[in-house]
Structure formats: C-alpha cells, structure tokens
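Spelled out, the chains give:
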Amino acid sequence: MRVPSQLDVGPFTLHLDVLAARLQRQRHRLRQGLQAGGVVSMLAVVVWLLLPVLRGSGTLLVPPLPPEVQVQLADRPVRPGRIVLPSGPHALHFTQPGAFPVTSVIQVSRQQTTTLIVPPMRPIPLVQPVPLPHPQSTWLQVSPDAGSGWRLTATRPEPERSAGAPGWGPPQPEPAPYHLHLDAQGLTRLPVLETYAIADEQTTRDGARFWAVWEPHRGAPLPGVAGSLTLTRPTGTQVITTARSLRGVWWSPGGRHLLVAVPHAQGVDVLVVDPARPQVDAQVPLITVPGTIHHLAWSPDGAAAVIITSLASPSPPHVARPTPPADAPPTATALLDHTAVLIQFAPPGADARATRLRVPPARPAGLIPLAWTADALWWVTDTGLGLALDRVTLAAGVTERVGPLPDDLVALTVQPDGTLRIVRPTAEGTLAVQRWPADADATLVVLPTIQTQGRTGGIWQGHELLLATGPTALWYVQIQPEALQ
C-alpha cells in the first residue's frame, strides 16, 4: 500500500515525503537525545535511592502519650517507642477529643535522638443554648451571681383572665418574673426571689446560705414602721423594722456586706449595711443614684461592685425593654439611659467609697461588657463617637483612658500580661474571640453554632462567657484559658 505524499488537515497540508526526509537527516541527533534522556533518568533514580544514605537518619523517641491524644506521621499512627526516620523536618499531626488539631514540625538530626514533645492542645469552647423557662418568655436581665455562676431573669407571660365587665373585680397584680441560677450544673429556680419583690439569696461554694427579705407592713398602720427586713445567715436570723420602704437588697460575695436601696426624691439612696449589726434608718447613704437599680456586677473577691442604674421610668416586670437596632449609629447607644457607679468596700474602720463611671453602651439583657483584675476595673464606655476602654484603679479610684475599642465589641477579658481578648461578630455572622490590639493572627477561636442577628451582649467571668444574641437567645460558653493563647 503506497503512503500518500501529502495529507490534508482542514485548511492545512502536510507533505509527508518532506517530513520523512528531514527525519532521516536528523536521526543521529534524535538518537543522541534519547540516550542522554535515558542517562539522566538513571542518574535521578540512583540519586533518589542514595538520598537517604547521603542524608543519614536519626531516632525519634516517642514517650508514653496521654490515652486521648492521637499522633500521626504521614497518615501512619505513631506509637510510643523508638522510630528511625531520615534526617530532616517531619510534620506530626496531633488530635484530641474536644481540642483543636495541631500540626507540629520536628527536626530529626543525623545519628541523634530527638524526643517527641506533645504541643499544647487548645480546647474547643463548649457552647450551650440556655432554654427559656416558658415558650413565651424573653430574657430580661443577666448578670454574674454574687456567689457563683449567673443570675438570670426572664419575663413571665400574662395569665389567662376570665372575661368580665371592665372595672369589676380587684386589680390583678403583674406577674412576677422568673428568677434562675445558671452554672455548669444547669439551671435552678430561685423561689425566694420569685416569692418576694424585695429579696436576695446567695449560696456560697461551701454551701453557706444567705437570705435577705424585706416585706411591707400589713395590718393596722404603725408609726415609723414601713416594713421589716429579715436577714438569714449561717449564724442565725435577724429581723429589724424599717421606717422607709426598700427598693432592693443585694448580698456581697460571701455575705460580708449587704447593699440596700432606699427611695429618694432624685432616685434611690445606696446604703452599705453590716449584716452583723444591721441598721437602715440611721445609716448614712453612701451615694444617691438616679432612676432605679437595674443590676449589680461584683468583683471576684467581693471587694467592689458596679451598680447599673436605669434612668427611664421602670417598665412592668414582665415587659422587656427594647434594644437599639443592629445598624444604630454609635450616638444612638446613649439612648439606653443607664448610669453606672463603682462601689468599693473598705476594711474595718474605714468608709466605703463610690465612684461614678462613664456611660456604658446599650446591650441586650443588660450584658454590659466589663472585666476585673486584681487592681482595676476595665470599663467599656460609649463616648457618643464610638466605644472606648477605661481603666479604673481600685486603690485610688482614678480613671484613665486606655484607648478606643471596635464598635461591635460584645465582651472582653484581660490576660495576665495586660492584653485583651475580645468577642466580636465576623462578616459571616458568627462570633470570634480575638486578640486586642489586633494583629495578623487576631482570631483565636470562632464560637460554633452561634449566629448573630443584630446587637449582641456578653460578659466574661472567669472561664465562662454568657452571650445574648436577642431577647430569646441566650448562650452559655465555657472557654478554657489554653484556648486564648
């Protein structure tokens, strides 16, 4: 069969006889190229086979590992013992239940033994939603408990009332809100706070219980008697009468002090009462604060407290106050009408001290961001142009401006080195824990399962973080210090 002299390929024409003639003239060069390629390939195989010998090898000593830690090298599990490896870098992958995976690169040296050291495993934060006490409830107030854990207040739905002629029958009292205590063990009801309008109870870590209940006088009026204050401590119970009505009572951590709020023409007077020798009527007010007391935030040692007050006229206890919209400008946060006062308790023989703080930002459920260290209160304030951080020294009560903060700040805590860890939303709608001041690797942890919708409130206490992403969405987060490194 004769081969055609040319081949038409679309618009092109290949002259096969010309191509064959050129290949004949270049066959010597082609043969040399193939031979050179074969030699190079053989040399590459020889070098690849001799490379381990040229590099040498070393020993990796793997000590006994914690049972929950798994180590892999090139997708192979690593067991305790001695492993001979080529000298050079090797990537080891560490995994542990409840912790973020870690990749560590170790350098194995020729004819030397390298001991494997398990790197720190950063625990994954434990995030749990806090259930509402009733499907129609909303979260009204959240604050750290003076004893331990958290104090939660939720609205109670209106009870169903029988239809009747308007104006007939006695007036129905507003339903008392739910009061709950939250800690790592779960939610528990606080029946004393739900039974009495003016009351406080505290249970310390060692089981000691402190109760304070004020009840208005009922029956025939008595001159100079508005009600009675009952204080129950591990040492016994005391009952004293008061000539004025009380608006609130709060135990300090450990029951060392009792704060009492008494109505005043301009707001309420704050008294510091000694539980061992309680006096109310003869007690000189420490400070007068405007409006009504919203909640208290105690320092961990109980030596100081921040009183958050509301300037607006108090709403019924079952109605939650609205929060500013998510896109509100920074100046709109001043509409929260809250003030704050720092109370510092003095040692025996000295007087307590009160320091007014700058206006805080608006946050759901009263979760105003703040942090405590041994010597200072770290206070977030709304300047009207954005958020800023103040440091208030507990020794002298002096306030110094640390610097600006991001306007979307949710919560913060202070590290031993003085740097901050803050919680703020991401562009994806999640919440992230970041270093502050921020750097290239500012994000440390992204909290799983939490999605933000509008303004978010949060407060940090020790290893626990409480976040409110809305009037019905509350999150309990346990985050260990190792996760913040």
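Residues numbered from 1 in each chain as written. Predicted model: local features only at pLDDT ≥ 70, side-chain atom pairs only at ≥ 80, totals over all residues. Heavy atoms only, no water.

## With respect to the overall build of the protein chain
Move 1: Assigned secondary structure in the protein chain consists of 3 helices and 37 strands.
Move 2: The long-range fraction of contacts in the protein chain, counting pairs at least 24 apart against all pairs at least 6 apart in sequence, stands at 45%.
Move 3: About 26,400 Å² of surface is accessible on the protein chain, with carbon and sulfur atoms providing 58% of the total. (Helix = DSSP H or I, 4+ residues; strand = E, 2+ residues; numbered from the N terminus. Contact = heavy atoms within 4.5 Å. Areas by Shrake-Rupley, 256 points an atom, 1.4 Å probe, with all protein chains shown as cover.)

## Some points on the sheet that holds strand S18 (residues 236-242)
Move 1: Spatially, the 4 strands line up as an open sheet ordered S15-S16-S17-S18, and their pairing is antiparallel. Unpaired on one side and paired on the other, strand S15 (198-203) and S18 mark the two borders of the sheet. Neighbour to neighbour, the strand axes of the sheet diverge by 10 degrees on average, direction disregarded.
Move 2: Summarising the sheet, S15 and strand S16 (residues 209-216) pair through 6 bridges and their orientation is antiparallel. Among the inter-strand pairings, Glu201 is bridged to a residue of S16, identified as Trp211. (Pairing = 2+ DSSP bridges. Axes fitted to C-alpha atoms, helices over the stretch in contact; angles between N-to-C directions.)

## Here we look at the nonpolar core
Move 1: Grouped together as the largest cluster of nonpolar side chains are 30 residues, with contacts concentrated most on Leu152, Val306, Leu342, Leu377, Trp379 and Leu474.
Move 2: The contacts of Leu342, once residues within four sequence positions are left out, are Ala304, Ala305, Val306, Arg353, Ala354, Thr355, Leu357, Trp372, Leu377, Val392 and Leu394. (Core = buried A, V, L, I, M, F, W, Y, C linked by side-chain atoms within 4.5 Å. Buried < 20%, exposed > 50% of the residue type's maximum accessible area, 1.4 Å probe, protein only.)

## Here's the deal with the environment of Thr355
Move 1: Secondary-structure assignment places Thr355 in strand S26 (residues 353-357).
Move 2: Accessibility expressed as a relative area gives 14% for Thr355, which makes it buried.
Move 3: Measuring from C-alpha to C-alpha, the distance between Thr355 and Val341 comes to 5.6 Å, with 14 residues separating the pair along the chain.
Move 4: Not counting residues up to four positions away in its chain, the partners in contact with Thr355 are Val341, Leu342, Gln344 and Gly397.

## Brief notes about the pairing of strand S37 (residues 473-478)
Move 1: For strand S10 (residues 126-129) and S37, the ladder comprises 4 bridges, and the chain directions are antiparallel. Looking across to S37, one finds that Val127 is bridged to Val477.
Move 2: Inspection of the sheet shows strand S36 (residues 464-470) paired to S37 by 6 bridges, in the antiparallel sense. From the neighbouring strand, Leu465 faces S37, where its bridge partner is Val477.

## Observations regarding the pattern of salt bridges
Between side chains of opposite charge, a pair can form when the charged atoms approach closely.
Move 1: Tallying each qualifying case throughout the model produces 12 salt bridges.
Move 2: Close ionic contact of Asp274 with Arg277 constitutes a salt bridge, the shortest N to O distance being 3.0 Å.
Move 3: For the salt bridge of Arg424 with Asp408, the shortest nitrogen-to-oxygen distance reads 3.1 Å. On the criterion of sequence distance, the pair formed by Arg424 in strand S32 (residues 420-425) and Asp408 in the loop between strand S30 (399-405) and strand S31 (411-414) is long-range, its members being 16 residues apart. (Salt bridge = Lys/Arg side-chain N within 4 Å of Asp/Glu carboxyl O.)

## A closer look at the sheet that holds strand S11 (residues 139-144)
As a general point, the strands of a sheet are linked pairwise by backbone hydrogen bonds and lie either parallel or antiparallel.
Move 1: Spatially, 4 strands are ordered S11-S12-S13-S14 in an open sheet, and the strand pairing comes out antiparallel. Strand pairing shows two members of the sheet lacking a second neighbour, S11 and strand S14 (186-189), which therefore form its edges. With direction set aside, neighbouring strand axes in the sheet form an average angle of 25 degrees.

## Regarding the side chain of Arg151
Move 1: Examined against the element boundaries, Arg151 turns out to sit in strand S12 (residues 150-154).
Move 2: A distance of 3.1 Å separates the side chain of Arg151 from the side chain of Asp200, its partner in a polar contact.
Move 3: A polar side-chain atom of Arg151 sits 2.9 Å from the main-chain carbonyl oxygen of Glu201.
Move 4: Discounting chain neighbours no more than four positions away, the residues touching Arg151 are Gln141, Val142, Ser143, Pro144, Asp145, Leu180, Leu190, Leu193, Asp200 and Glu201. (Polar contact = N/O pair within 3.5 Å; in protein donor to acceptor, adjacent residues only side chain to side chain.)

## A look at the environment of Ala411
Move 1: Tracing the backbone through its elements, the reader meets Ala411 in strand S31.
Move 2: On a C-alpha basis, the gap between Ala411 and Arg424 in space is 7.4 Å, while along the polypeptide they are 13 residues apart.
Move 3: Leave out the neighbours within four places in its chain, and Ala411 touches Pro369, Arg421, Ile422, Val423, Gly458, Ile459 and Leu465.

## Points about the packing of aromatic side chains
Move 1: Overall, the coordinates contain 2 aromatic pairs when judged by the stated rule.
Move 2: Centre to centre, the rings of Phe210 and Trp251 are 5.4 Å apart; their planes meet at 55 degrees, and the pair counts as tilted. One end of the pair, Phe210, is in strand S16; the other, Trp251, is in strand S19 (residues 248-251), with 41 residues separating them in the sequence. The pair Phe210 / Trp251 is uniform in exposure class, with both members buried.
Move 3: Both rings, one in Trp298 and one in Phe345, keep their centres 5.8 Å apart while their planes meet at 15 degrees; by these two values the pair is stacked. Linking Trp298 in strand S23 (residues 292-298) with Phe345 in the loop between strand S25 (338-344) and S26, this pair joins segments that are 47 residues apart in sequence. For the residue pair Trp298 and Phe345, the accessibility class agrees, reading buried in each case.
Move 4: The ring of Tyr178 has Arg156 lying over it, and the distance from NZ or CZ to the ring centre is 4.0 Å. (Phe/Tyr/Trp six-rings, centres within 6.5 Å; stacked < 30°, edge-to-face > 60°. Lys NZ or Arg CZ within 6 Å of the ring centre and 35° of its normal.)

## Considerations on the confidence of the model for the protein chain
A low pLDDT means the predicted coordinates there should not be read in detail.
Move 1: Chain-level statistics for the protein chain give a pLDDT mean of 83 and a share of 86% at 70 or above.
Move 2: Low confidence marks residues 313-336, where pLDDT is under 50. Its contacts with residues over four positions away, or in another chain, come to 44 contacts. (pLDDT = per-residue confidence, 0-100.)

## Regarding the pairing of strand S7 (residues 88-95)
Move 1: Sheet analysis places strand S4 (residues 70-73) next to S7, joined by 4 bridges and oriented antiparallel. From the neighbouring strand, Leu73 faces S7, where its bridge partner is Leu92.
Move 2: As judged from the 7 bridges shared by S7 and strand S8 (residues 102-108), these two strands associate in the antiparallel manner. Following the sheet pairing, His93 is matched in S8 by Thr103.
Move 3: In this antiparallel pair of consecutive strands, S7 and S8, the connection spans 6 residues, and Gly98 shows a positive phi of 80 degrees.

## Details of unusual backbone geometry
Move 1: Of note, the bond from Trp436 into Pro437 is cis; its omega dihedral lies within 30 degrees of zero at 5 degrees.
Move 2: By the element assignment, Pro437 lies in the loop between strand S33 (431-436) and strand S34 (443-447).
Move 3: One non-glycine residue, Ala74, lies in the positive phi region at around 55 degrees.
Move 4: Looking at the element boundaries, Ala74 is found in the loop between S4 and strand S5 (76-77).
Move 5: For Ala74, a relative accessible area of 57% corresponds to the exposed category.
Move 6: With a phi angle near 65 degrees, Asp75 is a residue other than glycine that sits in the positive phi range.

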